[in-house]
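So the chains spell out like this:
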2 protein chains.
Amino acid sequence: MRIIKNVKEMKEFTARAKESGKIVGLVPTMGYFHQGHLALMEKAVQQCDVVITSVYVNPLQFGPKEDFASYPRDLQRDAAMAEEVGVDAIFSPADGEMYPEGFDTTVSVGESLTNKLCGLKRPGHFTGVATVVTKLFNIVKPDKAYFGLKDAQQVLVIKRMVEDLNMDVEIIPVPIVRESDGLAMSSRNVYLTSEQRKAAVVLYQSLKLAEQQVKKGHIDAVEICRQVKEKINNEPLAELDYVEIYSYPDLKFIDKIEGRALLAVAVKFGRARLIDNIILEAQKDVSDSI
Amino acid sequence: MRIIKNVKEMKEFTARAKESGKIVGLVPTMGYFHQGHLALMEKAVQQCDVVITSVYVNPLQFGPKEDFASYPRDLQRDAAMAEEVGVDAIFSPADGEMYPEGFDTTVSVGESLTNKLCGLKRPGHFTGVATVVTKLFNIVKPDKAYFGLKDAQQVLVIKRMVEDLNMDVEIIPVPIVRESDGLAMSSRNVYLTSEQRKAAVVLYQSLKLAEQQVKKGHIDAVEICRQVKEKINNEPLAELDYVEIYSYPDLKFIDKIEGRALLAVAVKFGRARLIDNIILEAQKDVSDSI
């Protein structure tokens, strides 16, 4: 497996693969791999001839008070894990390679998808994501790119951008991978103390509670959110950031769950801000029985 | 020559050209061709195997009070002129093809290049330009793209964007083409009455005045601007929009012309807002003798 540090070399690597007619897959990551990342890579290896994983903690998508400096990094460990699942190259550029002196261009997706959930709580975050993903797509030129559904809003933003800017890449969303107790895999789980780790299971439990309610026919979005908040607030170590329900995939405000809806939560445990979500599905034309 | 109206067909056209190893050139335009456009196409025909000219009056780069609706359009005439100089295809999409329902993504170049000259006078203009050019590059995938230096600031913005977003396209700037009396060719010259047309020569004359002053060793930027403004204001039909001098190509504020500088002017004649510019070049280390 190759470890590529600069843009020029990365472009040449893909150009050679494309010349021989190979399907190129990209798994964009910030590294510090867990099973969630590996699921993306495994899917890419199944579907593509050549798989590149980018490992880049993108400063542009972190706010000034966020965890850019402390975000966990371990390229050697990542490289061993990626090689194990059959990745062909890791692209791990330095900041000066991605954002040289004078860099001054951004790609933004509008407010209908970004002024809610993590976009509202992390201003500039999705512009940072859209900009770095545009760069990665232009550098690697993948036929397919793989994104985890834990960042459900990110997947929708990237899909919107790809469609709007006529980019030739197929976006493949991959389901959330969870620990055995249901906690969604995240590089930020490493921040959790063992007490916080146990408490963090409340995220998944609250999502399952909502899912059960919808299955029973309760479709009042405000009431579901209230119950999810109550469940999370009952956990003393949890500090609620947001619990929100929107239609899916267009993220419109809804007061009733009809068809598909995204229930997304963000909760802080100490210095770890964790997110999780679930797609709720209610039959249309069912009246609210709460 | 092909006239292509939709994105899918345009992508297929380029894909076929690229498969056979051809160099693809793109000349992005808003149509209503004049000799300036033809100079871009001729250059492209010289340097490329396949040349595509896009003809698209991009609503995103016009302000609400600008001339989007009245901007001159004549695809049949444009097609004949393009064919004459050897263009292989015109890409002329409808607005619904470029900006379908739900479109919500923009590409922006930051203020160091855009909060001055036309960027200051036309807020959102360069975001509209960067966004449509990104789309055109992704649709047509040119190896080289040709832009006229009459829009000098636009060329700098596009070059910045291409470098920042790692786009694989070479930007080729082409010199301004002028009428015999010096007026820069522009599709908007069609708005001029015959009186205004005669008066409009003052733009070029004012630029040449500045050039002569610099050649004589006068390098005080404020004084040069003052003389250019005076010259333009002496023309009763001219309504001055801006006269500015910046270092070139980085568009920094300067008070002395040392090395290369961009002198750019925008002047209204009735409903026509015309722009023009010149690159001034002064030797460094020459003291101001004004």
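Predicted, not measured: the structure shown is a model, and the values here were computed from it. (Residues numbered from 1 in each chain as written. Chains lettered and ligands numbered in written order. Predicted model: local features only at pLDDT ≥ 70, side-chain atom pairs only at ≥ 80, totals over all residues.)

Moving on, we come to the domain arrangement of chain A. Accessible area lost upon the coming together of the parts is a frequently used measure of interface size. Residue and element names in this part refer to chain A. Domain boundaries assigned for chain A yield domain 1 (2–174) and domain 2 (187–280). Using C-alpha coordinates to define each centre, domain 1 is positioned 26 Å away from domain 2. Across the boundary between the two partners, domain 1 contributes 14 residues, which contact 14 residues of domain 2. When residues of the side of domain 1 that touches domain 2 are traced back to their parent elements, those giving at least two are α5 (111–114), α6 (117–121) and α8 (152–164). Partitioning the side of domain 1 that touches domain 2 into residue classes produces 8 nonpolar, 3 polar and 3 charged. (Domains from an automatic or database assignment. Contact = placed C-beta atoms within 7 Å. Helix = DSSP H or I, 4+ residues; strand = E, 2+ residues; numbered from the N terminus. Nonpolar A, V, L, I, M, F, W, Y, C, P; charged D, E, K, R; others polar.)

A separate point is the relation of the copies chain B and chain A. By a simple turn and slide, chain B fits onto chain A: the slide is 0.0 Å along the axis, the RMSD is 0.0 Å, and the turn is 180°. Viewed as a symmetry operation, the transformation between the two copies matches a two-fold axis. Among all residues of chain B, the minimum C-alpha distance to the rotation axis is found for B:Val107, at 2.2 Å. (Least-squares fit on C-alpha atoms with pLDDT ≥ 70 in both.)

Bringing the sheet that holds strand β8 (residues 239–247) of chain A into the picture now. Residue and element names in this part refer to chain A. The antiparallel open sheet is built from 3 strands, whose spatial order is β8-β9-β10. Bordering the open sheet on either side are β8 and β10 (272–282), each of which pairs with just one other strand. Between one strand axis and the next, the sheet turns through 15° on average, direction left out of account. Bridge count for β8 against strand β9 (residues 259–269) is 8 bridges, and the pairing is antiparallel. Its bridge partner lying in β9, Glu 244 is registered against Ala 264. (Pairing = 2+ DSSP bridges. Axes fitted to C-alpha atoms, helices over the stretch in contact; angles between N-to-C directions.)

This next bit is on the sheet that holds strand β10 (residues 272–282) of chain B. What holds strands together in a sheet is hydrogen bonding between their backbones, with the strands either parallel or antiparallel. Residues and elements named next belong to chain B. Pairing is antiparallel in the open sheet, where 3 strands are placed in the order β8-β9-β10. Each having just a single partner strand, β8 (239–247) and β10 make up the two edges of the open sheet. Going across the sheet, the axis of each strand differs from the next one's by a mean of 15°, ignoring polarity.

This brings us to the interface of chain B and chain A. Taken together, the contact pairs 21 residues of chain B with 21 residues of chain A. Sorting the residues of the side of chain B that touches chain A by element identifies β5 (105–109), α5 (111–114), α7 (125–140) and α8 (152–164) of chain B as the ones contributing at least two each. Among the elements that make up the side of chain B that touches chain A, the one with the highest residue count is β5(B) (5 residues). Where strand β5 (residues 105–109) of chain A and β5(B) come together, 5 bridges link them in antiparallel fashion. Looking across to β5(B), one finds that A:Val107 is bridged to B:Val107.

Our next topic: unusual backbone geometry. Leaving glycine aside, a negative phi is the common case for residues, and trans is the common case for peptide bonds. All names here are of chain A. With an omega dihedral of 10°, the bond running from Tyr 248 to Pro 249 counts as a cis peptide bond. Within the element layout of this structure, Pro 249 appears in the loop between β8 and β9. Positive phi, close to 60°, is recorded for Asn 166, a residue that is not glycine. With respect to the element layout, Asn 166 can be found in the loop between α8 and β7 (170–174).

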